[in-house]
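Coordinate inspection notes
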Amino acid sequence: MNEENIEQPKKVEEEVKAQKKEPKVQKIEPSKTLVDALNRFQELNISALKSTDNTFFKSTYADLTSVIDAVNQGAKYGLCFTQQVQYKNMVLDKQMVDNLKDGTTKTTSGQVVTRDIWVNTTIYHTIDDKTIECCVPVLINNAEKDNPQKMGSAITYAKRYGLQALFGLGQDDDANEATGNKGVKNG
């Protein structure tokens with residue numbers, strides 16, 4: 001075998017490699033405004049994956065992690081978000097009327113301190129200074145505000161719904177109890 005025959009297969013290999021075109025990576029032109037970036041994100045028609053089972057209602061829903069995974073796809077357009085749990089103590093004037101055994105009433109006045117809790121979700125853009133935000137109340141009974149499990153669950157709901165609302169993600173109805181549809185499968 002001569003040297004010319006050995007070099008020829010190498011040339012053919014190099015030519016084949018040169019002819020094979022690398023797949024072009026499509027570059028995304030950065031959005032210059034928050035509204036443009038959000039519009040481009042929404043054109044993707046992204047949904048959060050419903051992968052968590054709700055055995056009580058016999059349904060599945062998109063948990064907070066799935067919603068965050070979905071909205072993080074907006075990062076390629078310069079979108080990002082923050083979520084803050086906020087509260088404010090409020091002093092309410094309260095008047096109580098007691099019915100006494102003799103048929104009369106006794107009125108007492110006083111003040112009650114209650115805590116209003118909400119999640120503030122804000123969308124930012126890496127170039128634009130504008131923001132979009134919403135506040136979702138943390139719905140929990142006053143008696144359960146000292147229960148960390150109940151509080152954490154209510155905060156998670158508020159975070160999930162805030163993100164879904166701002167980014168325009170479809171919401172599944174996993175709050176059947178709130179609508180009176182116990183045991184009805186949705187989704």
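Look a little higher up for the structure.
Counting starts from 1 at the beginning of each chain's written sequence and moves along it residue by residue. Residues qualify for local features only when their pLDDT is at least 70, as the model is predicted, and side-chain atom pairs are given and counted only at 80 or more; totals for whole chains, interfaces and linings, by contrast, use all residues. Hydrogens and water are ignored here; the side-chain numbers use all heavy atoms of the structure.

Of regular secondary structure, the chain possesses five helices and five strands. Along the chain direction, N to C, the helices and strands of the chain fall in the order α-α-β-β-α-β-β-β-α-α. Expressed as a percentage of the 187 residues in the chain, the buried residues total 28%. Put simply, of all contacts in the chain between residues at least 6 apart along the chain, 57% involve residues at least 24 apart. Working definition: helices are DSSP H or I runs of at least four residues, strands are E runs of at least two. Numbering for both runs from the N terminus. Only protein chains enter the accessibility calculation, which uses a 1.4 Å probe; a residue whose area is less than 20% of its type maximum is buried, one above 50% is exposed, and one in between is partly exposed. Here, two residues are considered to be in contact whenever any of their heavy atoms come within 4.5 Å of each other.

Right, let's get into the pattern of salt bridges. For this analysis, a salt bridge means a side-chain nitrogen from Lys or Arg found within 4 Å of a carboxyl oxygen belonging to Asp or Glu. In this structure the tally under the stated criterion is one salt bridge. Between lysine 150 and glutamate 144 there is a salt bridge, with the nearest N and O atoms lying 3.7 Å from each other. With a relative accessible area of 25%, glutamate 144 lands in the partly exposed category.

On to the nonpolar core, then. In this text, buried Ala, Val, Leu, Ile, Met, Phe, Trp, Tyr and Cys residues form a nonpolar core when linked through side-chain atoms within 4.5 Å. Core analysis: the largest hydrophobic core is formed by 28 residues, its most contacted members being Phe41, Val67, Leu79, Ile123, Val138, Phe167 and Leu169. Ranked by residue count, the leading element in this core is helix H4 (residues 148-167), at seven residues.

Let us look at helix H2 (residues 34-43). Because the α-helix completes a turn every 3.6 residues, residues three or four places apart line up on one side. Buried residues of H2: Leu34, Ala37, Leu38, Arg40 and Phe41, and no others. Along H2, the residues classed as buried sweep out an arc of 160 degrees about the axis, all on the same side. The exposed residues of H2 that point more than 90 degrees off its buried face are Val35 and Glu43. Looking at the buried positions of H2, the neighbouring elements they touch are helix H3 (64-71), strand S3 (79-99), strand S4 (105-125), strand S5 (132-137) and H4. The arc in question is the one traced by the directions running from the helix axis out to the C-beta atoms.

We now examine the environment of isoleucine 123. Positionally, isoleucine 123 belongs in strand S4. Residue isoleucine 123 is classed as buried on the basis of its relative accessible area of 0%. As for isoleucine 123 and threonine 82, which are separated by 41 residues in sequence, their C-alpha atoms are 6.8 Å apart. Apart from the residues within four sequence positions on either side, isoleucine 123 is in contact with Leu34, Leu38, Leu79, Cys80, Phe81, Lys130, Thr131, Ile132, Leu166 and Phe167.

Among the structural elements, glutamine 83 can be located in strand S3. Residue glutamine 83 is classed as buried on the basis of its relative accessible area, which comes to 18%. Between N or O atoms, a polar contact is any pair within 3.5 Å; within protein, one atom must be a potential hydrogen donor and the other a potential acceptor, and residues adjacent in sequence are included only when both atoms are from side chains. Among the polar contacts listed, one links the side chain of glutamine 83 to the side chain of threonine 121, at a separation of 2.9 Å. Only 2.9 Å separates the side chain of glutamine 83 from the backbone oxygen of lysine 159, close enough to count as a polar contact. If near-sequence neighbours (up to four positions away) are discounted, glutamine 83 is found in contact with Val119, Asn120, Thr121, Lys159 and Leu163.

Here we take up the packing of H3 against H4. The axes used here are C-alpha line fits, helices contributing only the stretch in contact, and every angle between their N-to-C directions lies in the interval 0 to 180 degrees. Closest axis-to-axis distance for the H3/H4 pair is 9 Å, and the angle between their directions is 25 degrees. Taken together, the axis directions place H3 and H4 in an arrangement best described as roughly parallel. When you trace H3 past H4, the crossing you get is left-handed. Residue-level contacts link Leu64, Val67, Ile68 and Val71 of H3 to Thr156, Lys159, Arg160, Leu163, Gln164 and Phe167 of H4. For classification purposes, an angle smaller than 35 degrees is called roughly parallel, one larger than 145 roughly antiparallel, one from 65 to 115 roughly perpendicular, and anything else oblique. Helix crossings get a hand from a simple test, with the near helix turned counterclockwise from the far one by less than a right angle marking a left-handed crossing and a clockwise turn marking a right-handed one.

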